[in-house]
Amino acid sequence: VFPGVRQAQWLTKTKLVEGLPPAVQGIMDNPALGLQELEERAKHMVSHARLWDTAEVAPRRERYCPMLFENLIHICRLMSGKYPSLSKRMLARNCRIAATWERESILLQVRGLSGILMNSKTPIPPVASKEEILDTKEHVLETFYPIAPTIDLQEVNVYKELNDTGFRDGYPYSHPHTLFFLESANVRTDRFRPDQLRAKMLMFAFGNALAKAKALHGNDPKVLEQPVVVQSIGTDGQLFQFMVFQLNTTDLVSNDGVKNLVWIDSDQNLYERAQCVPEVKKRVVTKPAGISGFQPDTFKKFLALYLHGTV
């Protein structure tokens, strides 16, 4: 299997950092925000999506995955009483994105539907300092010789090099904030595997950031004075992937110079299991119905990414 994220790193000229950036971690760890107070509500929302939302014995993933997402977003929106600027956000569905760039001698494009996109009136501030950005010059990108890094990409004839954020000029919520990818297919083989999903999240976060950077600064390749940050969250309704991407440069042709940065927190369960009906053996309930192994930290990460750029 060709490595998903490692390939996406080469295509987007990106250095990977494991875990979430300090700016997001700081939101999670800040007791003044009262995130703990929302934990019980989040657990209740998981039970709603997994156990109570249907008359069926067990809801199917294509139903409970989007329902869980809506429930979590609802909890996030409750914070707008404390932080009014959170109301200056807009969720857009079925957004189309187009971004074109040259890598070595290859013309590349990201095009298509980029999940559910939350836009904001203001951009997320850069999460890496100028020193950290300059340090990326030393980073050596992995190559896949003798395999071409574009081995499994679809080849098409490009008649127009398109860079399009998907929104008209003057749209008030013009800054991409967070992309949400819901892997809600019931059949496992129809869903992206976690590493494939993370690669898709990286490519579309990069595509949205690049299209925005070109809309702001033109098409000339350059190191950006003000980097563009786009976040991404992917889930199958239980397992979550978290990502913060920072576009530092649109000069992507060579492997030299400043690289882009991505922070990835992989494979975080929101809960261990959902027992829709009790398991009974010899008239004794061995496993009661309910949610077990709820992970409050995973919920806090979701909430922290939502709050990032406002708090």
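Residues numbered from 1 in each chain as written. Predicted model: local features only at pLDDT ≥ 70, side-chain atom pairs only at ≥ 80, totals over all residues. Heavy atoms only, no water.

The name that an unreviewed UniProt entry assigns to the protein is Large ribosomal subunit protein mL37, with the source organism given as Hypocryptadius cinnamomeus. Per UniProt, the protein has the following entry under Subcellular location (unreviewed entry): "Mitochondrion". Its UniProt record, at the heading Sequence similarities (unreviewed entry), says of the protein: "Belongs to the mitochondrion-specific ribosomal protein mL37 family." (UniProt positions renumbered as here; feature names shortened; annotations may be inferred.)

Asker: Even after reading the chapter, I still don't get helix 6 (residues 194–217), so can you show me in this structure?
Answerer: Structural remark: α-helix, 3.6 residues per turn; residues separated by three or four positions point the same way. Spanning 24 residues, helix 6 covers 34 Å between terminal C-alpha atoms, matching the ideal 34 Å at 1.5 Å per step. Of all 24 residues making up helix 6, 17 are buried, and the element is well covered by its neighbours. (Helix = DSSP H or I, 4+ residues; strand = E, 2+ residues; numbered from the N terminus. Expected span 1.5 Å × (residues − 1). Buried < 20%, exposed > 50% of the residue type's maximum accessible area, 1.4 Å probe, protein only.)

Asker: Teacher, can you tell me more about the pairing of strand 3 (residues 96–103) here?
Answerer: Look at any regular strand and the pattern is simple: side chains alternate between the two faces of the sheet. Summarising burial for strand 3: six of the eight residues are buried, a large majority. Relative to strand 4 (residues 106–113), strand 3 runs antiparallel, the two being bridged by eight bridges. Bridge assignment links Glu-102 to a residue of strand 4, and that residue is Leu-107. Adjacent in sequence and paired antiparallel, strand 3 and strand 4 are bridged by two residues, among which Glu-104 carries a positive phi angle near 55°. (Pairing = 2+ DSSP bridges.)

Asker: How do you make sense of the nonpolar core when you look at a structure like this?
Answerer: Within soluble globular proteins, side chains that are nonpolar generally end up buried alongside one another. Counting residues in hydrophobic clusters, the biggest one holds 49 residues, and the most contacted among them are Phe-180, Phe-240, Leu-270, Phe-299, Phe-302, Leu-303 and Leu-307. Excluding residues within four positions of it along the chain, Phe-302 makes contact with Phe-69, Leu-72, Ile-73, Cys-76, Phe-180, Ile-233, Phe-240 and Phe-242. By size, the runner-up hydrophobic cluster in this structure holds 36 residues, among which are Val-5, Leu-210, Leu-224 and Phe-245. (Core = buried A, V, L, I, M, F, W, Y, C linked by side-chain atoms within 4.5 Å. Contact = heavy atoms within 4.5 Å.)

Asker: Would you mind showing me how to read a negative patch on the surface here?
Answerer: On the surface, Glu-131, Glu-132, Asp-135 and Glu-138 cluster together into a patch of negative charge. Of note, Glu-138 is situated in the loop between helix 5 (130–135) and strand 6 (175–182). (Patch = residues over 30% accessible without salt bridge, like charges linked within 9 Å, V, L, I, M, F, W, Y side chains within 5 Å. Areas by Shrake-Rupley, 256 points an atom, 1.4 Å probe, with all protein chains shown as cover. Salt bridge = Lys/Arg side-chain N within 4 Å of Asp/Glu carboxyl O. Lys, Arg positive; Asp, Glu negative; His and termini not counted. Charge placed at Lys NZ, Arg CZ, Asp CG, Glu CD.)

Asker: Looking at this structure, I do not really get the confidence of the model for the protein. What am I missing?
Answerer: If pLDDT is low for a region, its predicted coordinates should not be looked at in detail. The predicted model of the protein has a mean per-residue pLDDT of 89, with 93% of residues at 70 or higher. Strand 12 (residues 284–287) is the least confidently modelled element of the protein, averaging 76 in pLDDT, while strand 8 (residues 239–249) averages 98, the highest of any element. (pLDDT = per-residue confidence, 0-100.)

Asker: How should the sheet that holds strand 7 (residues 223–235) be read in this particular structure?
Answerer: The strands that make up a sheet are held in pairs by hydrogen bonds between backbone atoms, and each pair lies either parallel or antiparallel. Taken in spatial order, the seven strands make up an open sheet running 1-9-8-7-6-5-2, and their pairing is mixed. Looking at the sheet topology across the chains shown, the edges are occupied by strand 1 (14–18) and strand 2 (89–92). On average, each strand axis in the sheet is inclined to that of its neighbour by 20°, with strand direction left out of account. Note: strand 7 against strand 8, nine bridges, orientation antiparallel. Bridged to Thr-235 within strand 8 is Phe-240. In the packing of helix 4 (residues 61–77) onto the sheet, the strands contacted are strand 2, strand 5 (116–120), strand 6, strand 7 and strand 8, and the crossing angle to strand 6 comes to about 145°. Sitting on the sheet, helix 6 touches strand 5, strand 6, strand 7, strand 8 and strand 9 (260–269), and the angle it makes with strand 8 is about 35°. (Axes fitted to C-alpha atoms, helices over the stretch in contact; angles between N-to-C directions.)

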